[in-house]
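Given next are the chains, with one letter for each unit.
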Amino acid sequence: MAPRALREADGKSILARHLSTAKSCNKVCTVTKDTDFNQLATQHPWLLEQKLVVKPDQLIKRRGKLGLIKVNVGLDDAIAWISEKMGKEIQIEQCTGELNTFIIEPFVPHLPEDEYYVCIYSTKEGDTVYFYEQGGVDVGDVDSKAHKLDILIGSYPTHEEITTALLRGVPENRKQLVADFISSLFKVYSDLFFTYLEINPLVVTNNTIYALDMAAKLDDTADYLCSDKWKVSEFPAPFGRKSWPEEEFIKDLDEKSGASLKLTILNPDGRIWLMVAGGGASVVFSDTVCDLGGADEIANYGEYSGAPSESQTYEYAKTILGLMTRKPDEQGQGKCLIIGGGIANFTNVASTFKGIVRALTDFKQQLINNQVSIYVRRGGPNYQEGLKVMKNCGDMLGVPMHVFGPEIHMTAIVGMALGKTPVPNRTDTESSLKDNFLFGKHDIDRRTPQPPSSTEPAEKRARNDLDKRILGAGKEHYSPDQYNLYDKDTTCLVYGLQIKAVQGMLDFDCSCRRDKPSVAGIINPFSANHNIRLYFGHKEINVPVYKNMADALKKHPDVSVLISFASLRSAYSSTMSMLSHSKQIKLIAIIAEGIPENMTKKINKLAVEKGVSIVGPATVGGVKPGCFKIGNTGGMLDNILKSKLYRPGSVAYVSRSGGMSNELNNIVSINTNGVYEGVAIGGDRYPGSSFMDHIKRYNANPDVKMIIVLGEVGGVEEYDIVSAIKSGDIRKSVVAWCIGTCADYFSTEVQFGHAGSNANSKLETASAKNLALRQVGAHVPDSFDDLGKTIRKVYEELVETGEIVPEPEMPPPQVPIDFKWAQELGLVRKQTSFISGICDERGEELLYAGVPMSDVIKENLGIGGVISLLWFQRRMPDFAYKFIELCLIVTADHGPAVSGAHNTIVTARAGKDLVSSLTSGLLTIGDRFGGALDESARQFSNAYDKGETPLEFVNEMKCSHKYIQGIGHRVKSLNNPDMRVSSLADFAKANFPATPLFDYARQVEKITTSKKPNLILNVDGCIATLFVDLLYQSGSFSVEEARDLIDIGCLNALFVAGRSIGFIGHYLDQKRLKQGLYRHPWDDIAYMNPGGD
């Protein structure tokens, strides 16, 4: 989510609706390939009333100089010019694209001196207005000669400020008019969340202002606030890049998901396809492909991150595989699929990989036909299971698949895929698949040199040194407040009910040997005050949950950090509320991604005024090994231990990307003595803290010996680092790399995963930043692939000079793992308490007897099909579904007089709720009322199976003094038949393969009605015998299964399900009629008391 460019027609339409002072904006006509030219004048009568201007509307810059504007023409000439250009391919610099969208506007006659230039664009502190008294195609370098007015966020410029700063070259008789226009324009710009708005030329003639050419961008994160005001149908792709339906599909999937799913198709015929997890990692993998010579072959850019579900990952992977296998590689080399990613902080790797495996399985033959080779590298929660699933998939598909975990450098698989480096012989990733952080051996010696010898016992010496490093002993002569955001005593409140994140923080605390938990409580505005039980090591503790922030802070005066998991929609208001407690709160971490930029800037401005540090938005947080971590930073406990984040090292880093920060933890732990502190400032354009805010802290901290910076394309903050190194303000060794170098290879603009990762000038490119950093003495590798080597080289130099003295390594304390997570990892087993065989809600979609809910709906199985799945655990023929539904219909109700309905009505009139009233009615169901179906089925089935004739059956029941269940009715008779029975019988005869038991029951009915005409086969007997016929004759059940179903009571269940509909109806009827408490009349009661009259 980032600033998105608008078509000129959409931008002017917005101004026309919200800016009354801009003429001509309300007369805009868009023409595409689908436009009927014969209808244009009818739809837009003004086209025939004046001369016109026509031009492409496809985000093309400098259209005038390119000869792409036709002015002062009539409608016929405009149509002819469009017809000539429509569908034509043109090349603009390195980009080739098709002209397919045009805009027609009124032509405004004017003189050159009537043209002006105005531009408003977003900055970190607010916005800047550029104005120049000359406009048009020859305006030149406005940056150097235009007048500038900086406006702080949350404020609007006055007429005096506008006139004084911007309008020095405007004639006096026009100043008021232009000042009014700029004032109104800025208000629309600010209120509607524009990030860029340029009008060139702005024409002033006849005391009227016209916006002739316009370019604009909107902050699409504000869509939930402004979509009704914008009314923009689409944000077009940059000129030269075709819009693909697959991109729209992923965009739609992204908007419906809490995760982040992105796809940009660069070259549909490319050999190298990427499926990368993480916004930062997706850029790094693209960089590496280009750095290794694969720029012409890279097919797509994209990412999936933010813990997408298995089904979302399946849809994402299926989309990419469909594109990749659409046609074979023309050179016959086959194709490469790189499934990459860093070490996840909280995404369940196994879950997302299962979605990818489903898609790979669906495309098995296409993958083979296209000679696809697959290279996988991933780490993070449950990655061992994920890699195992992926490797098994490769074996099953018969497709070359090379699977790796964090034991190799993140982008090492790119060199393998491109044939630049050999694939290791150990392709079974044995260490990754078998690695077990709970029971495995911690390799504590492979990364840190041995300390000097000493007579003190090694174990005791190591523990003393470790305690000193964690507790900060011996550092009293420094001023920690100058460089510490948090320490071993820091406690925080977590905003949002993020139980998993809080438990992860508590586990980290224990691994660091903290004496008390770092989380003092949780703030959840949606619940009342209560406690939740979590674990601090082996001990179960109560963590308080507060509804009100002020109450929580008052209760915990030692809290100085707030970690906000508020949603993007509530993050602004909740953070502003947090800042009102600045006397106590010194740091706020904002995790949410997608907060509108104007809101972020207001947060940042107030935070500076209040003296509160901000980490984020759009961040995972930060970590200080041995002390404190924010939320999900550092991932699960296994990664905490592997990356040695339980004790401090000597290296501090700052990164934009949260996902890449965890990868840095891994790289640093492999190549140095570990991380001292790491912060991910966030991927938005204007994060609350900058690279330099943290680098200054690191530079002042004597325990930090080396600084790592992971910057990116977009913005200019890295040049502050350049200046600081050049001036000597940064004295420590800096290793730096800016990701996004691949942007230089792309012919069209690509918006990468982070909102801020987009270069608006050459200065903002990653290549320019890397060069500038290298020129002032920062250690800059040739590519991200070499980052680990560069870090190791600098670290070893610092060890050699004695700046870093490696200390002995000690294993961390044992921290218990949650049973649920251990079970998911396959480390423990537990006998289940009960079994469910009909429904499964654990996956991405609810399953009824193994059938996905979407299939139940798509196949129109109806309520009969649902009962078939949930009651009988299988599909049945369509006629069975219809019969079940007919049974529900005929048993739904039988009037208010029957006992069940009567009880329901009496209970409802007593003021009881629906469930109580329904239950009172259901409890009357038994042998005497409605519960005869099961017994009727048994009686008729037993007689029929024994071969008894109907007469023998009747006589046997008479001799046994038993009623034949299903025979007899109080009201209905041979002369007044029950139409319910007739309807069921007609349906069965027309649809069932055979009805032997029902026919037998009809023969019994002939005998019983010869005695009394009301001894008919009633609805209970009809349903019972027909349902037995259904069980035996449908082909869905064996004889044993059918008998079991009769014995366990499935037939009575039909009556209960059907009659519940009627009981509910009676309850609602009584409530609707507002009936009062029922009291039975005396005259309807026979009082027969002893001794009475």
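The preceding data block contains the structure.
Please read all numbers here as calculations on a predicted model, not as lab measurements.

Caption draft 1: Inspection of the packing of aromatic side chains at higher detail. Applying the stated criterion across every chain yields a total of 19 aromatic pairs. With 5.4 Å between their ring centres and 50° between their planes, Phe879 and Phe992 make a pair best called tilted. Of the two residues, Phe879 is situated in helix H30 (residues 878-891) and Phe992 in the loop between helix H35 (979-991) and helix H36 (996-1009); the sequence distance between them amounts to 113 residues. The two residues Phe879 and Phe992 agree in class, both being buried. Consider the rings of Phe953 and Tyr1000, whose centres lie 6.3 Å apart with planes at 45°: the pair is tilted. Of this pair, Phe953 sits in helix H34 (residues 950-959) while Tyr1000 sits in helix H36, and the two are 47 residues apart along the sequence. Taken as a pair, Phe953 and Tyr1000 share a single burial class, namely buried. Sitting over the ring of Trp244, Lys242 keeps its end group 4.3 Å from the ring centre. Across from the ring centre of Tyr314, 4.0 Å away, lies the NZ or CZ of Arg358, which sits over that ring.

Caption draft 2: Quick look at the pairing of strand S31 (residues 675-680). With respect to burial, S31 is a largely interior element, 6 of its 6 residues being buried. Alignment of strand S28 (residues 622-624) against S31, held across 2 bridges, turns out to be antiparallel. Of the residues in S31, the one forming a bridge with Val623 is Gly678. Sheet analysis places strand S30 (residues 651-655) next to S31, joined by 5 bridges and oriented parallel. Paired with Tyr653 across the strands is Gly678, a residue of S31. Handedness of the S30-helix H22 (residues 658-671)-S31 crossover: right-handed.

Caption draft 3: Focus on the side chain of Ser661. Tracing the sequence through the fold places Ser661 in helix H22. With near-sequence residues (within four places) excluded, Ser661 lies in contact with Val620, Tyr653, Ser655 and Ala680.

Caption draft 4: A look at the sheet that holds strand S8 (residues 101-106). The 4 strands lie next to each other as S3-S8-S4-S5, forming an open sheet whose pairing is antiparallel. Looking at which strands have only one partner, the edges of the open sheet turn out to be strand S3 (29-32) and strand S5 (70-73). On average, adjacent strands in this sheet sit at an angle of 25° to one another, irrespective of strand direction. The pairing of strand S4 (residues 52-56) with S5 spans 2 bridges and is classified as antiparallel.

Caption draft 5: The side chain of Ser582, seen in detail. Here Ser582 lies in the loop between helix H19 (571-579) and strand S26 (587-590). Assessed through its relative accessible area of 11%, Ser582 is described here as buried. Those residues within four positions of Ser582 in sequence are excluded, and the remaining contacts are Lys610 and Val612.

Caption draft 6: A look at helix H13 (residues 383-397). With 15 residues, H13 extends 21 Å between its outermost C-alpha atoms, agreeing within 8% with the 21 Å of an ideal straight helix rising 1.5 Å per residue. Taken together, the buried positions of H13 are occupied by Tyr383, Gln384, Gly386, Leu387, Val389, Met390, Cys393, Gly394 and Leu397. Trailing H13 by a residue or two, Gly398 shows a phi angle of about 75°, which is positive.

Caption draft 7: View of the packing of helix H37 (residues 1019-1033) against helix H38 (residues 1039-1047). For the pair H37 and H38, interaxial distance at closest approach is 9 Å and the crossing angle is 150°. In terms of orientation, H37 lies roughly antiparallel with respect to H38. With respect to the hand of their crossing, H37 and H38 are arranged in right-handed fashion. Here Val1028, Leu1031 and Tyr1032 of H37 come into contact with H38, specifically with Val1039, Ala1042, Arg1043, Leu1045 and Ile1046. Class assignment of the residues belonging to the contact of H37 with H38 gives a composition of 7 nonpolar, no polar and 1 charged.

Parameters and conventions
Residues numbered from 1 in each chain as written. Predicted model: local features only at pLDDT ≥ 70, side-chain atom pairs only at ≥ 80, totals over all residues. Heavy atoms only, no water. Phe/Tyr/Trp six-rings, centres within 6.5 Å; stacked < 30°, edge-to-face > 60°. Helix = DSSP H or I, 4+ residues; strand = E, 2+ residues; numbered from the N terminus. Buried < 20%, exposed > 50% of the residue type's maximum accessible area, 1.4 Å probe, protein only. Lys NZ or Arg CZ within 6 Å of the ring centre and 35° of its normal. Pairing = 2+ DSSP bridges. Right-handed = clockwise from strand over helix to strand, strands pointing away. Contact = heavy atoms within 4.5 Å. Axes fitted to C-alpha atoms, helices over the stretch in contact; angles between N-to-C directions. Expected span 1.5 Å × (residues − 1). Parallel < 35°, antiparallel > 145°, perpendicular 65-115°, else oblique. Left-handed = near helix turned anticlockwise from the far one by under 90°. Nonpolar A, V, L, I, M, F, W, Y, C, P; charged D, E, K, R; others polar.

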